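# Structural characterization, general
Read off the chains here:
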Amino acid sequence: MSLPPHWKEVGGEGRVHRVMESTLTARDRVGVQDFVLLENYTSEAAFIENLRRRFGEKLIYTYIGSVLVSVNPYKDLEIYSKAHMERYRGVSFYEISPHIYAVSDNTYRAMRTERRDQCILISGESGAGKTEASKKILQYYATTCPVTDHMSTIRDRLLQSNPVLEAFGNAKTLRNDNSSRFGKYMDVQFDFRGAPIGGHILNYLLEKSRVVHQNHGERNFHIFYQLLEGGEQDQLSKLGLERNAQKYHYLVKGCCPRVSSINDKSDWKTVRKALTVIGFHEEEVEDLLNIIASVLHLGNTQFGEGEDGETQITTESHLTYLSKLLGVDGPALREALTHKKLTAKGEEMIGPLSFEQAVAARDALAKAVYGRAFTWLVAKINQSLAFKDEVYNSSKGSSSVIGLLDIYGFEVFQHNSFEQFCINYCNEKLQQLFIKLTLKSEQEEYEAEGITWEPVKYFDNKIICDLVEEKHKGFISILDEECLRPGEPSDISFLEKLEDTLGGHAHFVTHKLANGKTRKAVGREEFRLIHYAGEVNYTVNGFLDKNTDLLYRNLKEVICQSDNQILSQCFHREEVTTQKRPETAATQFKNSLAKLIEILMSKEPSYVRCIKPNDAKQSGRFDEALVRHQVKYLGLMENLRVRRAGFAYRRRYEAFLQRYKSLCPGTWPNWQGRLADGVATLVQHLGYKAEEYKLGKTKIFIRFPKTLFTTEDALEARRPALALTLQTSWRGYRERAKYHRIRNAVLVIQSAWRGMKSRRKARRRRHAAEIIRKFIKGFIYRHYERCPENEYFLDHQRFSFLMTLVRNPPKSVLDKSWPVPPPSLTEASEHLCRLCMQNMMRAYCRRIQPEWKKQMEQKVVASQIFQDQKDSYPQSVPKLFVASRLDSEEFNLKVIQTLGNDKVKYGVAVTKYDRRGYKARPRQLLLTSSFAVLVAEAKLKQRIDYTALRSISVSSLTDGFMVLHVPSEDNKQKSDVVLQCDHVIEVVTKLATMADKKNKVNISQDSIKFAVARGKEAVIDFTSGPELKVAKGKKGHLLVTAPQLNPR
Ligand SMILES: Nc1ncnc2c1ncn2[C@@H]1O[C@H](COP(=O)(O)OP(=O)(O)OP(=O)(O)O)[C@@H](O)[C@H]1O
Ligand SMILES: [Mg+2]
């Protein structure tokens, strides 16, 4: 795997290197985030100092390449929230600060993208945080992977398997309040969509001895305490238990039934719920609890001496409960606990057990029952996690697996026994795996890149593995041989055999084999194995017993008869009948380890190495000696050395070039040629020496971190200038983009607007053309009957005629203009015209005042009489007629008196011409309602009754002459009267009106004849002339010359 290009380091000299990642905060940059970049990588002190500095900042995770080193913080750090999970999701391993989620995510993505099974190997001392780490990984998958309904059940079961397994397999120890007392490997299956669909658990080497014995300050497995604390009273009574752990021998060996950090009561609830979620039936739970209770009863089963000195059970009540709970025959159990069955020469014999043997048999039974029940439990959980879909099973290729190995790390105590031997052997095997896989992948990468493989110097611990497991001459073979040997094999005889067989092996020493200093360090009953991680002395005592894991046959026989379903599944009859010896514990362990290694070899591994910072379970305390010890025994320095053996850093060409291209003018801003040439140009410019780097097919390999750091420093120095360039171009780009956006928007609006306008115009034109066409056609057909061809035209004609009328109606009664109607509207037009006129006239009439009406009536009369008849008429039209031309004071009072009741309605000054001689005399002409009088001063000269008035004559010229014709035969009346007046039109009009003689007004062209006396006539001749002249003419005619105004 390639290494991060972005770290900061406080090297041995305290040199600070820059970190490139912008996502990393200053705090993240404390120390180096990857030990591979430690300058002084061989120094354990530098290694631990880096861990310490980071731990001080609560940075508990650090990488060694792809290996995650985790230091137990012993307190809840707020780095496991959902938001954190999201932060790490899909993010490249080195782009963000180290975290267990980064490993989880990387593994998950590798599984999905490469479709290769993965495994995460978690190791470390007890209390270092392995189980927590595995839970965090599981939680990460449960939260971030896609799920469906069915899958959510599986997901819940996967999560819930933890509290159950922890209740049965974890215990409080001096090192850890929740110490896993078994190794666990869990497979999580994912389908092609990446959703969890199943799981499988493998368990390793449960510490069964804890069932019967605990060291001071330690407890038995949690489940016992949980049942007693949390179980319901009925339940406890049924099981024959009391709610008091102190009462049970197996629970008080360590004198510590209560622990402040553990709440057994609530844990019990959690476990009960988890059992239900996982799918345990009630009967199964009952059977399981019967077994737990029977173990407690077994612990309290005491032995004493009978009368004949034989060993017998002294606690009957417990035996009764035992037979009930284990579902076995009471007397048979009693006998099996106090006797053993021997087969000698084909014959079976029963012999009594000594007190010690009986106690040992009881404890063996308790361990066996508990141990096998635990195995059953795991199998049961596996059943519930198994993916049952047939389709899926038949197309196995579509699923992938991530395995989680939560297994004990190297253990070195004051006294190390069989368990430590197994555990350390397991770690040797895992180290082998690590070396093989790491080196293999390194080698594969070098080969793929065409770089010559340089042998990496490292310690290959195969020699130790062989020492332990080699057939016939390995440690386990010797142990098995010694166990099975007839005679009296003992731990000491085993030690001697070891010395005989393994003596001289570089990694095996005993007191006898050693010399000098070493001899002192190894006890007489000890042997020392020189593990890859260091030397460990093991006490040989108990090796044989623990290896054979003996359970007397007759006890087995009894349990095989059990009614308890779980026990009957765990203890098979064949075990008793077969002559074959059961596999020893060490061989079983070796075989299961071989299987595990096989499983792990088929997968791509990731590693989590857990370290505990102090023994006191305290947060914030970093015990350097303790950490150094773990760094050593976890083989971390070895890890680092192997990682660093080749090239410290590798990156794909494009990534490398992309990052550093700004450091070389030849590659900045863009390299156009082959990537490899670009990188070569770049490193040449940077002055890399030949031994510092190698160019592969797709990657550059840099041997020393220093080279990379120098390059990084150069980049850091270049950064401000780059930032400026970037800023400038970014701003330019942004503004340009904005401008283009706006411009495009404008263009879009413009074109849309133009389009719309043009469409509208085209529509209008089309419409207009259509109308014109219709119009022309209509015009052609205008004389036809209404038909489709002309209807538009006709309608238009009609419409425009009507609109013309609407817009421009006749303005006044005098306005006679009227538009010419289309033929179809001729009749309507006439009606309209008439209506309009009537309307106007009505309106006009309504507006007229009475005086004006009178005036108009008079004018109408005048027009009827004079229009086109008399030259002076046009001039008279605009002059208003007046009520009287004479004021009342101009009337002579005497005359008025004479007239009496006849009121003068009109008076005017006139000139009267005598009938003879034509002498002109001034007179007043007064009109009353029934007659007219001529008045001279105070004298009434002539009265003319209207009834007697025959007619009135005037000339057609502009003169003011008028002749009133009266009948000459009438004596009362004088003859016709010749008068001249300036207001002849007005006077004649009024007179004709009053006298009702409108039809009697004669207008003559050239002369007027009038009667002078009875039978005698005179004539007035009229001619046109320049001015008015009245003279006597020939033949006694009166000659009047009238000025000509407007010729008619
Ligand atoms: N990441 C963590 N954050 C907070 N506390 C932690 C973390 N890891 C471990 N711990 C604390 O340390 C305790 C021990 O951790 P854990 O049980 O995982 O150790 P272990 O390595 O599994 O030990 P054993 O080998 O005994 O099972 C936990 O109960 C928890 O209190
Ligand atoms: Mg654990």
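Bear in mind that the values here come from a model prediction, so they are computed numbers and not experimental data. (Residues numbered from 1 in each chain as written. Chains lettered and ligands numbered in written order. Predicted model: local features only at pLDDT ≥ 70, side-chain atom pairs only at ≥ 80, totals over all residues. Heavy atoms only, no water.)

### Digging into the overall build of the protein chain
- Tallying secondary structure elements over the protein chain gives 35 helices and 31 strands in all.
- Dimensions of the protein chain, computed from C-alpha atoms along their principal axes, come out at roughly 210 × 80 × 65 Å.
- Counting every position in the protein chain, which comprises 1048 residues, the buried fraction comes to 49%.
- A separation of at least 24 residues holds for 63% of the contacts in the protein chain among residues at least 6 apart in sequence.
- Looking at the protein chain as shown, the accessible area adds up to about 51,800 Å², and 52% of this sits on carbon and sulfur atoms. (Helix = DSSP H or I, 4+ residues; strand = E, 2+ residues; numbered from the N terminus. Buried < 20%, exposed > 50% of the residue type's maximum accessible area, 1.4 Å probe, protein only. Contact = heavy atoms within 4.5 Å. Areas by Shrake-Rupley, 256 points an atom, 1.4 Å probe, with all protein chains shown as cover.)

### Things to note about the site of ligand 1
- Around ligand 1, the surrounding shell holds 17 residues, and the nearest of these are S126, K130, T131, S179 and S180.
- A128 is positioned with one of its backbone polar atoms (N or O) 3.3 Å from an oxygen atom of ligand 1.
- K130 has a polar side-chain atom sitting 2.5 Å from an oxygen atom of ligand 1.
- Summarising the interface, the protein chains cover 86% of the accessible area of ligand 1, which totals 620 Å² for the free molecule.
- Where the shell around ligand 1 is concerned, the elements lending two or more residues are helix 4 (130–144) and strand 5 (179–180).
- In terms of residue count, the dominant contributor to the shell around ligand 1 is helix 4 (3 residues).
- Taken together, the residues that form the shell around ligand 1 break down as 4 nonpolar, 9 polar and 4 charged. (Near = heavy atom within 4 Å. Polar contact = N/O pair within 3.5 Å; in protein donor to acceptor, adjacent residues only side chain to side chain. Nonpolar A, V, L, I, M, F, W, Y, C, P; charged D, E, K, R; others polar.)

### Considerations on a nonpolar patch on the surface
- Judged by side-chain polarity, I772, F775, I776 and I780 come together as a nonpolar surface patch covering roughly 370 Å² of accessible area.
- Checked against the element boundaries, I772 lands in helix 29 (residues 705–780). (Patch = residues over 30% accessible without salt bridge, like charges linked within 9 Å, V, L, I, M, F, W, Y side chains within 5 Å. Salt bridge = Lys/Arg side-chain N within 4 Å of Asp/Glu carboxyl O.)

### Section: the environment of C664
- Tracing the backbone through its elements, the reader meets C664 in the loop between helix 27 (653–660) and helix 28 (675–686).
- Separated by 18 residues in the primary sequence, C664 and L682 have C-alpha atoms spaced 5.8 Å apart.
- When neighbours within four sequence positions are excluded, C664 is seen to be in contact with T681, L682 and H685.

### With respect to the environment of R116
- The topology assignment puts R116 in the loop between helix 3 (100–114) and strand 3 (118–124).
- R116 gets classed as partly exposed once you look at its relative accessible area, which sits at 39%.
- Considering only alpha carbons, one finds R116 and T131, 15 residues apart in sequence, at a separation of 25 Å.
- Not counting residues up to four positions away in its chain, the partners in contact with R116 are A110, M111, K603 and E604.

### A closer look at the coordination of the magnesium ion (ligand 2)
- Protein coordination of the magnesium ion (ligand 2) is provided by T131 (OG1) and S180 (OG), with donor distances spanning 1.8 to 2.0 Å. With a gap of 49 residues between them, T131 in helix 4 and S180 in strand 5 connect regions that are remote in the sequence.
- On the basis of relative accessible area, T131 is assigned to the buried category, the value being 13%. (Donors = N, O, S within 2.8 Å, 3.2 Å for Na, K, Ca; no water.)

### Re the packing of aromatic side chains
- The final tally for this structure, using the stated rule, is 36 aromatic pairs.
- Of note, K136 hangs over the ring of Y80, and the distance from its end group to the ring centre comes to 4.2 Å.
- Directly above the ring of F280 sits K380, whose terminal nitrogen or CZ lies 5.8 Å from the centroid. (Phe/Tyr/Trp six-rings, centres within 6.5 Å; stacked < 30°, edge-to-face > 60°. Lys NZ or Arg CZ within 6 Å of the ring centre and 35° of its normal.)

### Section: the sheet that holds strand 29 (residues 1016–1025)
- Reading across from one edge, 28-29-31-30 is the order of the 4 strands in this open sheet, with mixed pairing throughout. Because the sheet does not close on itself, it has two edges, and the strands there are strand 28 (1007–1013) and strand 30 (1029–1032). Here the average twist between neighbouring strands, direction ignored, is 25 degrees.
- Here strand 29 pairs with strand 31 (residues 1038–1043) via 6 bridges, running parallel. Residue pairing for strand 31: D1021 is matched across the bridge by L1039. (Pairing = 2+ DSSP bridges. Axes fitted to C-alpha atoms, helices over the stretch in contact; angles between N-to-C directions.)

### Focus on the pattern of salt bridges
- The final tally for this structure, using the stated rule, is 46 salt bridges.
- A salt bridge links E557 to K341; the nearest nitrogen and oxygen atoms lie 2.7 Å apart. Residue E557 is located in helix 21 (residues 553–560), and its partner K341 is located in strand 10 (residues 339–344); the two are separated by 216 residues in the primary sequence.
- Residue K341 is classed as partly exposed on the basis of its relative accessible area, which comes to 22%.
- Where salt bridges share partners, they join E132, K135, K136 and E166 into one cluster.

### Quick notes on the sheet that holds strand 21 (residues 920–927)
- Spatial strand order, 23-22-21-20-26-25-24-27: 8 strands in an open sheet with mixed pairing. The open sheet has two edge strands with one neighbour each: strand 23 (939–945) and strand 27 (1001–1004). Pairs of neighbouring strands in the sheet enclose a mean axial angle of 30 degrees, with direction left out of account.
- Inspection of the sheet shows strand 20 (residues 906–913) paired to strand 26 (residues 977–980) by 3 bridges, in the antiparallel sense. In the sheet register, T911 faces strand 26, and the bridge partner there is Q980.

### Notes on the confidence of the model for the protein chain
- The predicted model of the protein chain has a mean per-residue pLDDT of 87, with 94% of residues at 70 or higher.
- Per-element confidence in the protein chain is highest for helix 7 (residues 222–230), whose mean pLDDT is 96, and lowest for helix 14 (residues 390–394), whose mean pLDDT is 46.
- Within the model, pLDDT remains below 50 along residues 1–24, and this stretch shows 94 contacts once partners closer than five positions in the same chain are excluded.
- Within the model, pLDDT remains below 50 along residues 390–395, and this stretch shows 7 contacts once partners closer than five positions in the same chain are excluded. (pLDDT = per-residue confidence, 0-100.)

### Regarding helix 31 (residues 826–847)
- The first and last C-alpha atoms of helix 31 sit 31 Å apart over 22 residues, in line with the 32 Å expected at 1.5 Å per residue.
- Packed against the buried residues of helix 31 are helix 30 (788–807). (Expected span 1.5 Å × (residues − 1).)

### Topic: empty space enclosed by the protein
- Taken as a whole and assessed by the stated rule, the structure comprises 5 cavities of 30 Å³ or more.
- Volume-wise, the largest cavity comes out at about 60 Å³.
- Lining the largest cavity are T131, N162, L165, E166, N170, S180, F182, K184 and D406.
- Here the lining of the largest cavity gets 3 residues from one element, more than from any other, and that element is helix 5 (residues 149–169).
- Of the residues in the lining of the largest cavity, the class split is 2 nonpolar, 4 polar and 3 charged.
- Here the second largest cavity defines a volume of roughly 50 Å³.
- Forming the boundary of the second largest cavity are G124, E125, G409, F410, H629, Q630, Y633 and L634.
- Here the element with the most residues in the lining of the second largest cavity is helix 25 (residues 624–633); it accounts for 3 residues.
- Looking at the lining of the second largest cavity residue by residue, the class counts come to 3 nonpolar, 4 polar and 1 charged. (1 Å grid on protein atoms, 1.4 Å probe; cavity = no way out; pocket = protein on both sides within 12 Å on 5 of 7 lines; lining within 4 Å. Points joined across faces, edges and corners; volume = space filled by probe spheres on them.)

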